[in-house]
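# Structural features, examined
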Amino acid sequence: MDDFEKIIRDTYNDICNGKNIGNVADYIPELSCVDPDQLGVHIHTIEGNSYGYGDYQTKFSVQSIAKVLSLSLAYQIEGDAIWKRVGVEPSGNPYNSLVQLEDDEGIPRNPLINAGAIVVCDILVSRLEDPKADFLDFIQDCCGARNIGYNNKVADSEKSVGYRNVALCNYIKSFGNIENEPDEVLDFYFTMCSLEMTCEELTSVFMFLVSSKYRSQQNNKILNETKANRINAIMQVCGFYDESGEFSFKVGLPGKSGVGGGIIAVHPEKYTIAVWSPRLNKKGNSYRGMKFLEQFTSATDSSIF
Ligand code: DON
């Protein structure tokens, strides 16, 4: 851990002193209010050690990072039947793309693009009594924290301009792959994306993807080994949309980004690490987050490959 602590500090200082380019996501108006030059990093190891630097205790909008958690819950409830409704292939396209759905007859390529995450939300709306509350309970069970919640301003802000997601949901429904009313599914989707967490909370929530030690603590409420491995596999190939190959190549960990500027990455059997820096590159992934993780896994020699 001493090594990690020093390397995180050195990497943090390096990244702080380097360029910070790109823009914050402003297509969701409320997200443009964030101070773009914040930077937080936090690591949580399998031994239970944790170490953070910078703005690691500031809450931010996790956006698409939440898709991994909704997928995990749906997979736990639905089992392999989920794969009849959503694929596990990288799309090679932007997160909000509509183009492949026609050829694929309404079966999204994977659960981490918006189309796939909307289908996962539909599954949860069908299977949960109170999807918003039950989803929060699941997250809180993962880490024991009770103060994780949604930001209704962000959810309403996205809802007021979310035409593309409305189009995706309606188009998928036209193929029969959405069971519920689009308004209800989208209301849950926008709320789920508005989830707020700190880097510290993210690393602790995602420990269930590192080790069975953290899964069994939850009385098996969270995924078994095979399912956890498969969620990591999906993050590895689909977590950064049309930049997933680049992230695999440079960082070498399963991970997931969000347009709030956060990235979570998982080293199975070793650690989770979260970085938050709101300026995004052209693919919608945190500019400094990508750089930080590339430098960190190189310095610690901890790519999984
Ligand atoms: O649906 C959207 O566009 C957002 N709620 C989430 C997109 C996102 O975070 C993409 N990630 N990099």
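Residues numbered from 1 in each chain as written. Predicted model: local features only at pLDDT ≥ 70, side-chain atom pairs only at ≥ 80, totals over all residues. Heavy atoms only, no water.

### What to know about the overall build of the chain
In plain terms, the rule: Secondary structure is summarised from DSSP: a helix means a run of H or I of at least four residues, a strand means a run of E of at least two, and numbering begins at the N terminus for each. What the globule rule says is 2.2 Å times the number of residues to the power 0.38, and the radius of gyration is computed from C-alpha atoms. When accessible area is computed with a 1.4 Å probe and restricted to protein chains, residues below 20% of their type maximum are described as buried, those above 50% as exposed, and intermediate ones as partly exposed. Contacts are residue-level and defined by heavy atoms, with any inter-residue pair within 4.5 Å sufficient. Neither His nor the chain ends contribute to the count of charged residues, in which Lys and Arg are positive and Asp and Glu negative. Note on charges: their place is set at NZ of Lys, CZ of Arg, CG of Asp or CD of Glu.
A tally of helices and strands in the chain yields 13 helices and eight strands. The globule rule puts the C-alpha radius of gyration for 305 residues at 19 Å, and the 18 Å found for the chain is close to it. Within the chain, the proportion of its 305 residues that are buried is 57%. Across the chain, the fraction of contacts at a sequence separation of at least 24, relative to all contacts at a separation of at least 6, is 70%. Each charge class in the chain was averaged separately, 28 positive and 41 negative side chains, and the resulting centres sit 2 Å apart.

### What to know about helix H6 (residues 152-161)
As a reminder of what qualifies: The arc in question is traced by the directions running from the helix axis to the C-beta atoms. Any pair of N or O atoms that falls within 3.5 Å is considered a polar contact. Within protein, one atom must be able to donate a hydrogen and the other to accept it, and sequence-neighbouring residues count only if both atoms are side-chain atoms.
Taken residue by residue, H6 has Val-154, Ala-155, Ser-157 and Glu-158 as its buried positions. In an axial view of H6, the angular spread of the buried residues amounts to 165°, which keeps them on one side of the axis. Turned more than 90 degrees away from the buried face of H6 sit Asn-152 and Lys-153, all of them exposed. At its buried positions, H6 is contacted by strand E3 (60-61), helix H7 (163-174) and helix H8 (182-193). Capping the start of H6, Asn-151 holds a side-chain oxygen 2.9 Å from the backbone nitrogen of Lys-153, two or three residues further along.

### Structural notes on the site of the ligand
Put simply, the test is: For this purpose, a residue is taken to be near a molecule or strand whenever a single non-hydrogen atom of the residue falls within 4 Å of it. We call Asp, Glu, Lys and Arg charged. Ala, Val, Leu, Ile, Met, Phe, Trp, Tyr, Cys and Pro are nonpolar, and the rest, Gly among them, are polar.
Taken together, 15 residues lie near the ligand, and Tyr-27, Gln-63, Ser-64, Glu-158 and Tyr-189 sit nearest. The separation between a nitrogen atom of the ligand and a polar main-chain atom of Gly-284 is 3.2 Å. Among the residues making up the shell around the ligand, the classes are represented as six nonpolar, eight polar and one charged.

### So, the environment of Gly-48
As for its position among the elements, Gly-48 is in the loop between strand E1 (40-45) and strand E2 (50-54). The class of Gly-48 is partly exposed, set by a relative accessible area of 40%. The spatial distance from the C-alpha of Gly-48 to the C-alpha of Tyr-214 is 9.9 Å, given a sequence separation of 166 residues.

### Some details on H8
What counts is decided by this rule: By this rule the span expected of a helix is its residue count minus one, scaled by 1.5 Å.
With twelve residues, H8 should cover 16 Å at 1.5 Å per step; its first-to-last C-alpha distance of 16 Å lies within 8% of that length. A large share of H8 lies buried, amounting to nine of its twelve residues. Within the sequence span of H8, burial applies to Pro-182, Val-185, Leu-186, Phe-188, Tyr-189, Phe-190, Thr-191, Met-192 and Cys-193.

### Considerations on the packing of helix H4 (residues 114-127) against H8
Let me state the cut-off plainly: Think of each axis as a best-fit line through the C-alpha atoms, taken over the contacting stretch in the case of a helix, with angles from 0 to 180 degrees between the N-to-C directions. Each angle is binned into one of four classes, with values under 35 degrees roughly parallel, values over 145 roughly antiparallel, values of 65 to 115 roughly perpendicular, and all other values oblique. The hand of a helix crossing depends on one turn: near helix anticlockwise from the far one by less than a right angle means left-handed, and clockwise means right-handed.
Two numbers describe how H4 lies on H8: the axes approach to 9 Å, and their chain directions differ by 110°. By the angle between their directions, the pair H4 and H8 is classed as roughly perpendicular. For H4 against H8, the interelement crossing comes out right-handed. Taken together, the residues of H8 that come into contact with H4 (itself represented by Asn-114, Ala-117, Ile-118, Cys-121, Asp-122, Leu-124 and Val-125) are Glu-184, Val-185, Leu-186, Phe-188, Tyr-189 and Met-192. Split into classes, the residues belonging to the contact of H4 with H8 amount to ten nonpolar, one polar and two charged.

### Quick notes on the environment of Leu-293
On the secondary structure map, Leu-293 appears in helix H13 (residues 287-299). Residue class for Leu-293 comes out buried when judged on its relative accessible area of 0%. Spatially, the C-alpha atom of Leu-293 lies 27 Å from that of Asp-141, the residues being 152 residues apart in sequence. Setting aside chain neighbours within four positions, we find Leu-293 in contact with Phe-247, Val-251, Ile-263, Ala-265, Ile-273 and Val-275.

### Some details on the UniProt feature "binding site: substrate" (unreviewed entry) in the chain
Under the convention used in this document: UniProt positions are given in the numbering used here, feature names are shortened, and annotations may be inferred rather than shown by experiment.
The UniProt record marks Ser-64, Asn-114, Glu-158, Asn-165, Tyr-189, Tyr-241 and Val-259 with the feature "binding site: substrate" (unreviewed entry), using the residue numbering of this structure. Topologically, Glu-158 is positioned in helix H6. In contact with Tyr-189, not counting residues within four places along its chain, are Lys-67, Asn-114, Ala-117, Ile-118, Cys-121, Glu-158 and Asn-165.

### A word on the packing of H6 against H8
Here H6 crosses H8 at 130°, and the two axes come no closer than 8 Å. In terms of axis orientation, H6 runs oblique to H8. Two packed elements cross with a definite hand, and for H6 against H8 that hand is right-handed. For the pair H6 and H8, the contacting residues are Ala-155, Glu-158 and Lys-159 in the first and Asp-187, Tyr-189, Phe-190, Thr-191 and Cys-193 in the second. Grouping the amino acids of the contact of H6 with H8 by side-chain chemistry returns four nonpolar, one polar and three charged.

### Some details on the sheet that holds strand E8 (residues 271-276)
Note the cut-off: Here, any two strands with at least 2 DSSP bridges between them count as paired.
The five strands are arranged E2-E1-E8-E7-E6 in an open sheet whose pairing can be described as antiparallel. Bordering the open sheet on either side are E2 and strand E6 (255-257), each of which pairs with just one other strand. Taking each pair of neighbouring strands and ignoring which way they run, the sheet shows an average axis angle of 10°. In the sheet, E6 pairs with strand E7 (residues 262-267) via three bridges, with the strands oriented antiparallel. Bridging from a neighbouring strand, Ser-257 pairs with Ile-263 of E7. Along the sheet face, H13 touches E1, E7 and E8 and points at about 145° away from the line of E8.

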